[in-house]
Amino acid sequence: MDIFLQQVINGLVQGSLYALVALGYTMVYGIIELVNFAHGEVVMVGALVGLSIIERMAARGDTGWGVIAVGVLVAIPSCMALGLGIERIAYRPLRKAPRLAPLITAIGVSIALQQLAALIWGRNYLHYPEVLANPQFHIGGAVITQIQLVILTTTGILMLVTWVIVQKTALGRAMRASAQNPSVAGLMGVNVDRIIASTFLMGSGLAAVAGVLVGTYYGVGNHTMGFMLGLKAFTAAVLGGIGSLGGAMLGGLLLGVIENLGAGYLGSLTNGAMGSNYSDVLAFLMLIAVLIFRPSGLMGERGSEKV
Amino acid sequence: MKSKVWLGLLGLALILALPFATDLLLGRSWVRLLDFALLYAMLALGLNIVVGYAGLLDLGYVAFYAVGAYLYAMLASPHLGMHWPLWALLPMGALVAACFGALLGAPTLGLRGDYLAIVTMGFGEIIRIFLRNLNITNGPAGIDLIDPIQMGGFSFGANHSLLGWDFPGIYSYYFLFLILTALIVLISHRLSDSRIGRAWSAIREDEIAAKSSGLNTRQLKLMAFAMGAAFGGVSGVLFAGFQGFISPESFTMGESIMVLCMVVLGGMGHISGVIMGAILLAILPEAFRPLSQFQQATFGHVWLDPANLRMLMFAVALIVVMIIRPEGLWPSPVRRRELLTNDDEKNSSHKAVP
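All of these numbers come straight from a predicted model, not from anything done at the bench.

1. Some points on the overall build of chain A
Inference 1: From N to C terminus, chain A includes 11 helices and 4 strands.
Inference 2: Since a compact globule built from 307 residues should have a radius of gyration of about 19 Å, the 20 Å found for chain A is in line with a globular shape.
Inference 3: Dimensions of chain A, computed from the C-alpha atoms along their principal axes, are close to 60 × 50 × 35 Å.
Inference 4: Burial status across chain A gives 52% buried among its 307 residues.
Inference 5: Nonlocal contacts in chain A, meaning residues at least 24 apart in sequence, comprise 77% of its contacts between residues at least 6 apart.

2. A look at the overall build of chain B
Inference 1: A tally of helices and strands in chain B yields 15 helices and 6 strands.
Inference 2: Over its C-alpha trace chain B gives a radius of gyration of 21 Å, about what one expects of a compact globule, namely 20 Å for 354 residues.
Inference 3: Here the C-alpha coordinates of chain B stretch approximately 65 × 55 × 50 Å along the principal axes.
Inference 4: In chain B, buried positions account for 46% of the 354 residues.
Inference 5: Taking all contacts inside chain B whose residues are at least 6 apart in sequence as the whole, residues at least 24 apart take part in 75%.

3. Brief notes about the interface of chain A and chain B
Reports of interface size often rely on the accessible area that becomes lost once the parts have come together.
Inference 1: In this assembly, 55 residues from chain A lie in contact with 45 residues from chain B.
Inference 2: For the side of chain A that touches chain B, the secondary structure elements donating two or more residues are helix H1 (3-32), helix H4 (100-121), helix H6 (170-180), helix H7 (182-187), helix H9 (225-240) and helix H11 (279-293) of chain A.
Inference 3: No other element matches the 13 residues that H4(A) contributes to the side of chain A that touches chain B.
Inference 4: Looking at side-chain class alone, the side of chain A that touches chain B contains 34 nonpolar, 14 polar and 7 charged residues.

4. A few points about unusual backbone geometry
Inference 1: Within the chain, Glu33(A) stands out as a residue other than glycine whose phi angle is a positive 50°.
Inference 2: We classify Glu33(A) as partly exposed; it has 19 C-beta atoms within 10 Å.
Inference 3: With a phi close to 55°, Leu145(B) is a non-glycine residue in the positive phi region.
Inference 4: Turning to its location among the elements, Leu145(B) is positioned in the loop between helix H5 (113-133) and strand S3 (150-151).
Inference 5: When the 10 C-beta atoms within 10 Å are taken as the criterion, Leu145(B) is described as exposed.

5. Considering the confidence of the model for chain B
Residues and elements named next belong to chain B.
Inference 1: Summarising the model, chain B shows a mean pLDDT of 85, and 93% of its residues fall at 70 or more.
Inference 2: At the level of individual helices and strands, chain B shows its lowest average pLDDT in helix H15 (residues 343-347), which scores 45, and its highest in helix H3 (residues 62-75), which scores 94.
Inference 3: With pLDDT under 50 throughout, residues 343-354 is counted as low confidence; its partners more than four residues away or in other chains account for 34 contacts.
Inference 4: Reported confidence for the predicted complex is 0.86 by ipTM and 0.87 by pTM.

6. Points about the packing of helix H2 (residues 28-53) of chain B against helix H11 (residues 271-287) of chain B
Residues and elements named next belong to chain B.
Inference 1: Contact geometry of H2 with H11 gives a least axis separation of 8 Å together with a crossing angle of 135°. In terms of axis orientation, H2 runs oblique to H11. For H2 against H11, the interelement crossing comes out right-handed. Where H2 approaches H11, its residues Leu33, Phe36, Ala37, Tyr40, Ala41, Ala44, Leu45, Asn48 and Gly52 are matched on the opposing element by Ile271, Val274, Ile275, Gly277, Ala278, Ile279, Ala282, Ile283 and Glu286.

7. A short note on the pairing of strand S2 (residues 136-139) of chain A
All names here are of chain A.
Inference 1: Here 4 bridges tie S2 to strand S3 (residues 142-145), and the two strands are oriented antiparallel to one another. When the bridges of S3 are listed, phenylalanine 137 appears paired with isoleucine 144.
Inference 2: The antiparallel pairing of S2 with S3 creates a hairpin that spans 2 residues between the two strands, and glycine 140 there sits at a positive phi of about 45°.

8. Concerning the environment of Leu116(B)
Residues and elements named next belong to chain B.
Inference 1: With respect to the helices and strands, the residue leucine 116 is situated in helix H5.
Inference 2: As a C-alpha pair, leucine 116 and aspartate 58 span 58 residues in sequence and 7.1 Å in three-dimensional space.
Inference 3: Not counting the four nearest positions on each side in its chain, leucine 116 is found in contact with Leu56, Leu57, Thr108 and Leu111.

9. Some words on the packing of H6(A) against helix H8 (residues 192-218) of chain A
All names here are of chain A.
Inference 1: Contact pair H6 / H8: the axes reach a minimum separation of 10 Å and the direction vectors enclose 110°. Classified by the angle their axes make, H6 and H8 are roughly perpendicular. Packed against H6, whose contacting residues are Leu171, Ala174, Met175 and Ser178, the element H8 presents Val192, Ile195, Ser198 and Thr199 at the interface.
Inference 2: Classifying every residue of the contact of H6 with H8 by side-chain character gives 5 nonpolar, 3 polar and no charged.

10. Brief notes about the nonpolar core
Inference 1: If you look at the biggest cluster of nonpolar residues, it comprises 213 residues, and the most contacted ones within it are Ala44(B), Val259(B), Cys261(B), Met262(B) and Ala278(B).
Inference 2: Excluding its chain neighbours within four sequence positions, the residues that come into contact with Ala278(B) are Ala37(B), Tyr40(B), Ala41(B), Ala44(B), Met262(B) and Gly266(B).

11. Let's talk about H4(A)
All names here are of chain A.
Inference 1: Taking 1.5 Å as the rise per residue, H4 with 22 residues should run 32 Å; its terminal C-alpha atoms sit 31 Å apart, in good agreement.
Inference 2: In terms of burial, H4 is largely enclosed, as 18 of its 22 residues are buried.
Inference 3: Directly after H4, the chain includes glycine 122, whose backbone phi takes a positive value near 85°.

12. Examining the environment of Thr153(A)
Residue and element names in this part refer to chain A.
Inference 1: By secondary structure assignment, the location of threonine 153 is in helix H5 (residues 146-168).
Inference 2: Threonine 153 gets classed as exposed once you count the C-beta atoms within 10 Å, which come to 11.
Inference 3: Along the sequence, threonine 153 and glycine 30 sit 123 residues apart, while their C-alpha atoms lie 26 Å from each other.

13. With respect to the environment of Ala233(A)
All names here are of chain A.
Inference 1: On the secondary structure map, alanine 233 appears in helix H9.
Inference 2: Through-space distance from the C-alpha of alanine 233 to that of tyrosine 25 is 7.8 Å; in sequence the pair is 208 residues apart.
Inference 3: Setting aside its immediate chain neighbours within four residues, alanine 233 contacts Tyr18, Val21, Ala22, Tyr25, Gly40 and Gly252.

Scoring rules and cut-offs
- Residues numbered from 1 in each chain as written.
- Chains lettered and ligands numbered in written order.
- Predicted model: local features only at pLDDT ≥ 70, side-chain atom pairs only at ≥ 80, totals over all residues.
- Helix = DSSP H or I, 4+ residues; strand = E, 2+ residues; numbered from the N terminus.
- Rg over C-alpha atoms; globule rule 2.2 N^0.38 Å.
- Buried ≥ 20, exposed ≤ 12 C-beta atoms within 10 Å, placed from the backbone.
- Contact = placed C-beta atoms within 7 Å.
- Nonpolar A, V, L, I, M, F, W, Y, C, P; charged D, E, K, R; others polar.
- pLDDT = per-residue confidence, 0-100.
- Axes fitted to C-alpha atoms, helices over the stretch in contact; angles between N-to-C directions.
- Parallel < 35°, antiparallel > 145°, perpendicular 65-115°, else oblique.
- Left-handed = near helix turned anticlockwise from the far one by under 90°.
- Pairing = 2+ DSSP bridges.
- Core = buried A, V, L, I, M, F, W, Y, C linked by C-beta atoms within 7 Å.
- Expected span 1.5 Å × (residues − 1).

Structure below.
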C-alpha cells in the first residue's frame, strides 16, 4: 500500500472538514474581528443533534445516505438558531466594548454549551450507528472510502456555494462592505447588525454539516469534541490568513495533509524518537514558521494595519 | 489620613486572620482553596503584565506555569533522585520560564493581535505535548511524591503547633503564598509607574506612535513576555511543591483561558482588580457546589449532574458579568475613563477584506 498517497487522501478529507469549520471563524472574524471561540461548540452541537436523529432512524431500521441527509437537515436549522442566539446574547451587547470583553463571553458561551451538551447527552462517548455500507475504492495503491468521497464532494460544493454567496450576491457585497468599514457601510444603507447575524447564520449552517460529517467519519460524538476541532480549524483560518475565504480553505487542507503526513512519517524520520503523537507539534510549528515569514497568513491581506 | 492607616491595619488583620476564620466557618477544604486562589492571583498578576500592561494577547500562558512546576518536580522529587531546596529552585524557575518566554517572544512579537494569540496558544500546546510524551517528565502519568516546600529546616507541608494550637501545612502555605503575592504586587505596582511601564502602555495604546516616538518596541515587548513568564514560573514552582503531584493535564489550554478570564474579568491592568478576578474565579466553581444538595432538597432527587451544572453556572456568570461590566469588575479609574471616551474611534478602523 502506498503510505504517502494514503496519508494525503486522509489528510485532504480531514483538512476539508477543518476548512468547513474554518470558514465560520474567518467570516465572523472578517466582519467583527472577534475570535468566535464558541464556533467549535456549534459544530459539536450539530454532530450530537445529527447523532440523535440518525440513532432514532437507525433504530427503526432505516439505512443509507438518506438517514445521514435527514440528520444534516435537522442539524442545520438547530445550529443556525444556536448561532443566531449566541450572537444576540453574547456578542451584540458588546459591540462597542473593549476588545477582550467579547472574547471572554465567547469563552463563557463555549463552556456553557459544553456543559449543556453534557447535561443533555451525557458525558460518555456516543457511537454513531452504522447505517452505511461504506464500500472502498482503490486508486494507485491507496484506498478511499465512500464516506471520504462524499465528504470531499460535499465540502467542495459548500465551499463553492459560500464563495458564490460572498462574491456574487448582494448579501455578499454587503458582507464585504461591512468587513471593510462597518460605519461607512452603515451610511450606505447596509444594516450591519443584520449582515453580522447572517454571517453567523451561514457559519453555523456550515458548522452543522461539518459536525454530522465528522461524526459519521470518525463514528463517535462527545460534548468535548468541538474544542480541539475548533482549535484546529481556527489554526487553519490563521494559517491561510484570517478574514480570507480562500485562505481558510487552503489553510484547512494544508493543515490536514501536514498532520496526516506527520502522523505517518514522524516515527521513521526521527528513528522512533518522536511518534505520531507529535503530529500536532508539527502542525503548530508550521503555523509559527508560516506566520514568521508571512505575518498575515498565506492569503491574508497585507498592510491593512490601522494607523 | 489617620483613618486610612487604621483601615489598612484592619485590612491586614483580616487577611492574616482569614485562614483561621475560614477553617472555623467553612472547613479545611476551603483553606486549601484559599491557597489555590493566591496561586492563581500570582499567575493572573503575571499574565496581567503581558495582557494588561503591554496589551499582548497570550493564550498559552500556562506553558510557563508548567515550566516552573516541572522544574521543581524534577529537581525536588525521587523521580530523578534530586532534592534541591526552594531558595535555589524559586529563582531558577523564574529564570528558566523567562528564557522560555523570550524564546517564544523573539520570533513572534512582530505579529499583530490575534495572530500572536494563536501562536502563543500553539506554543502552549507544544509544551504540553512534549510534557505528555517525554520520558524525563514521566509522560501522561506525571510526577508524584514531590518534596513539600522546605526552607531552613521548616517544612511547609508538615503539621506544626503554634502556642499549643494545631497549625497544619495549608496554613503555612497560605502565609508563604501571601508573602510572595505581596512581593509580586509590589513589583507589578513599581513596574506600572516606571519608565518601562509607561512605555508598555504607550505600546498598548498605539504601537506605531510608540515606535515613532523612539521606543524600542521589540525589546520592550520581549521584556513584558519574559517578565510575565517569570511570574508564571514562580507560581509553577510553588504549585508543584504545594500539590505534591503534577501531570500534563494540569496545564491545558483551558487553564490558560481561565487565567485570562481572571485578568479580563477583574479589570485588565489594575492590580486590585486582577487579584479580585483571580480569587473570585478560583472560588466560584466551589461556591456553586451546594447546588446538588439544593436539588436533592427541592426535588428529592439529583436531576442534573452537579459537576456540569456547576460549570454551567460559572459560564453563565462569566457571560453576564462581561455584558454588564465590559471593562471588568474593578477597572483602574484611568482605564475606565479612556474606555468611555474611545467609542467613536473604534468604528472607523480598517480591517481585512474577506
